[in-house]
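Listed below, chain by chain, are the residues.
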Amino acid sequence: MRAALLALAACACADDDVAAYFATLPRTIPHCASPARPARGALGVCVYVDPSGGLVHARDLGTVAGSGKQMLMDMLLRGTFADLAASGRLPRRWLSFCMVYTASGPSRRERFPTLGFGKREPATQPGLLVPNPFFVAPKWWAEYAAKAAKAAAARPFDGRDDRVLFRGACGPGAKARLELLSLRGLDGEIDAGFTAVDGYETLQKCVDDLAARHGVVPAAGASRRVAPLPMANYSTYKYLLHMPGAATGSYSRNLQYLFSHGAVVLVWRHAAIEWYYRHLVDGVHYVAVDAASLPATLAALRRDAGKRAALVAGARAFFDAHLAAPRLVDRWAATLGALGDRQEGGPPAFDAAAACTCEPRLADSYARCAKCEITTKRGNTIAKFVGLVPKKRAA
């Protein structure tokens, strides 16, 4: 009950940060303006929304590493716009904002809205946080979460694997992940390992570089690759651990998937945030841990069935209050509503020849984005694309 009341109270003021952010922008907000020659690798791209809800990207990231996220965001936005239009909450006018696709988040303060998915250093970074593109689309997310909850309900907590589960890649920002894999005295109590490598030629080179840079003494098996685990099987475990991202040590999309599996959610302490983190309450929705506290925390949880049950209930209450599909739509409704009230009138001036769209009805006006086929993926196909289902069947 306490967890549910806290979640509902937080939900009542869930978007007060939107008003605070827009208070930092000019009274009349100019349209987003992309530089004529964006910096190499720059992943801040203007997004334009026409009065009918049609979506146009000022620049196609087609051959850039962030192009997949651009197309996933296209799916999320178009699905959200459809829901907003159906409920009468989509402003019927031109809108524009800058979307930043890097994991570390926005770095430049602009006169127009700059939106991101996470902030590695939230105390100093500008911009407003919105749902990351790995929610895919409101309808898809609702169906996926319902399946996860159904699978969890069929797996009684007491019969689950008693270990802590973590799977993830090794990359330049994976210091915390290596620390986890190198913990001593937890043999047999953690089921964790690297499933892939990001930014290095081999997993061994990634582990060696992290160990040298951060003074971590790797465990013997730290560089042994383990098989990915389908997210559908996460509810076979009692404890699910969330770690900072592998690429930059910033946010990791993994956390949003953990609250619907009927498990105790553990979160490794880190500074990076997403838009919903400020509503999380340690000891109610999750438990914060690090290399020093994890052994004692796990031992205490194993002794306290009441605490475990309360945390499982708290995780579910948090999902319903902040991460369910309608809440994603609400977040965008608040953002676009604030923007629609104050953005300058008329269509924005941008280079239509450099822009792209995945909207069939805008095909006569703009080029088709290079990877629009991503936006046509559905069901298990998109689950595989975003990594919820291993691309290859595990041995």
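Residues numbered from 1 in each chain as written. Predicted model: local features only at pLDDT ≥ 70, side-chain atom pairs only at ≥ 80, totals over all residues. Heavy atoms only, no water.

Novice: Looking at this structure, I do not really get the layout of surface pockets. What am I missing?
Specialist: Over the atoms, a rolled probe matching the size of one water molecule traces out where space is still vacant. When its volume is computed, the largest pocket comes out at roughly 1300 Å³. Forming the walls of the largest pocket are 45 residues, and the residues nearest its centre are Phe 134, Ala 169, Arg 253, Val 386 and Gly 387. Of all the secondary structure elements, the ones that give two or more residues to the lining of the largest pocket are helix 3 (67–86), strand 6 (161–170), strand 7 (190–197) and helix 11 (379–385). Broken down by element, the lining of the largest pocket gets its largest block of residues, 4 residues, from strand 6. (1 Å grid on protein atoms, 1.4 Å probe; cavity = no way out; pocket = protein on both sides within 12 Å on 5 of 7 lines; lining within 4 Å. Points joined across faces, edges and corners; volume = space filled by probe spheres on them. Helix = DSSP H or I, 4+ residues; strand = E, 2+ residues; numbered from the N terminus.)

Novice: I tried to follow the UniProt feature "domain: Glycosyl transferase CAP10" (unreviewed entry) in the chain on my own but got confused; where do I start?
Specialist: In the numbering used here, UniProt assigns the "domain: Glycosyl transferase CAP10" (unreviewed entry) feature to residues 145–333. As a span, residues 145–333 carries 37% helix and 17% strand, and end to end its C-alpha atoms are 21 Å apart. (UniProt positions renumbered as here; feature names shortened; annotations may be inferred.)

Novice: Even after reading the chapter, I still don't get the pattern of salt bridges, so can you show me in this structure?
Specialist: Close approach of charged atoms lets side chains of opposite charge pair. Under the criterion given, the structure shown has 22 salt bridges. Note that Arg 89 is salt-bridged to Asp 330, the shortest N-O span being 2.9 Å. Of this pair, Arg 89 sits in the loop between helix 3 and strand 3 (95–100) while Asp 330 is found in helix 10 (residues 325–342), placing the two residues 241 residues apart along the sequence. Using a relative accessible area of 35% as the deciding quantity, one classes Arg 89 as partly exposed. Assessed through its relative accessible area of 23%, Asp 330 is described here as partly exposed. Between Arg 269 and Asp 290 there is a salt bridge, and its shortest N-O distance comes to 3.2 Å. (Salt bridge = Lys/Arg side-chain N within 4 Å of Asp/Glu carboxyl O. Buried < 20%, exposed > 50% of the residue type's maximum accessible area, 1.4 Å probe, protein only.)

Novice: Sorry if this is basic, but what is going on with helix 8 (residues 294–303) here?
Specialist: Side chains that are three or four residues apart share a direction in an α-helix, a result of its 3.6 residues per turn. Inspection of helix 8 places Leu 294, Thr 297, Leu 298 and Leu 301 among the buried residues, and these make up the whole buried set. All buried residues of helix 8 lie within an arc of 95 degrees about the axis, which places them on one face of the element. The outward face of helix 8, more than 90 degrees from its buried face, is lined by the exposed residues Ala 296 and Arg 303. (Arc of directions from axis to C-beta.)

Novice: For this particular structure, what's the right way to read the packing of aromatic side chains?
Specialist: The geometry of an aromatic ring pair is captured by two quantities: the separation of the ring centres and the angle between the planes. Using the criterion set out here, one finds 16 aromatic pairs in the structure. Between Tyr 48 and Phe 350, the ring centres sit 4.2 Å apart and the planes meet at 10 degrees, which makes this aromatic pair stacked. Of this pair, Tyr 48 sits in strand 1 (residues 44–49) while Phe 350 sits in the loop between helix 10 and strand 11 (356–357), and the two are 302 residues apart along the sequence. Residues Tyr 276 and Tyr 277 carry aromatic rings whose centres are separated by 5.1 Å and whose planes lie at 65 degrees to one another, so their mutual orientation is edge-to-face. In this structure an aromatic cluster arises from ring pairing among Phe 135, Trp 140, Trp 141, Tyr 144, Tyr 257, Phe 259, Trp 275, Tyr 276, Tyr 277, Phe 318 and Phe 319. Over the aromatic face of Phe 134 sits the side chain of Arg 253, whose NZ or CZ is 4.1 Å from the ring centroid. (Phe/Tyr/Trp six-rings, centres within 6.5 Å; stacked < 30°, edge-to-face > 60°. Lys NZ or Arg CZ within 6 Å of the ring centre and 35° of its normal.)

Novice: Looking at this structure, how should I read the sheet that holds strand 7?
Specialist: Two orientations exist for strands paired in a sheet by backbone hydrogen bonds: parallel and antiparallel. Spatial ordering of the open sheet is given by 7-6-8-9-10, a layout of 5 strands whose pairing is parallel. The sheet terminates laterally at strand 7 and strand 10 (287–289), the two strands that pair on one side only. Strand-to-strand twist across the sheet, computed as the mean angle between neighbouring axes with direction ignored, equals 25 degrees. Both strand 6 and strand 8 (residues 237–242) contribute to a ladder of 3 bridges, which runs parallel. Opposite Leu 165, over in strand 8, you have Leu 240 as the bridge partner. Set on the sheet, helix 6 (residues 203–214) makes contact with strand 6 and strand 7; between it and strand 7 the angle comes to about 110 degrees. (Pairing = 2+ DSSP bridges. Axes fitted to C-alpha atoms, helices over the stretch in contact; angles between N-to-C directions. Contact = heavy atoms within 4.5 Å.)

Novice: Would you take a moment to explain the state of the cysteines for this structure?
Specialist: A complete count under the given rule lists 4 disulfides for this structure. Note that Cys 32 is cross-linked by a disulfide to Cys 46, the S-S spacing being 2.0 Å. On the sign convention where negative is left-handed, the bridge of Cys 32 and Cys 46, at about -75 degrees about the S-S bond, is left-handed. In this pair, Cys 32 sits in the loop between helix 2 (16–22) and strand 1 while Cys 46 sits in strand 1, placing the two residues 14 residues apart along the sequence. Both residues of the pair, Cys 32 and Cys 46, belong to the buried class. Here Cys 356 connects covalently by a disulfide to Cys 369, the sulfurs 2.1 Å from one another. As the torsion about the S-S bond is roughly 85 degrees, the Cys 356-Cys 369 disulfide counts as right-handed. With Cys 356 in strand 11 and Cys 369 in the loop between strand 12 (367–368) and helix 11, this residue pair connects regions lying 13 residues apart in the sequence. A relative accessible area of 2% places Cys 356 in the buried class. You can call Cys 369 buried: its relative accessible area is 2%. Between Cys 98, a cysteine without a disulfide, and Cys 32, which holds the nearest cysteine sulfur, the sulfur-to-sulfur distance is 4.8 Å. (Disulfide = S-S within 2.5 Å.)

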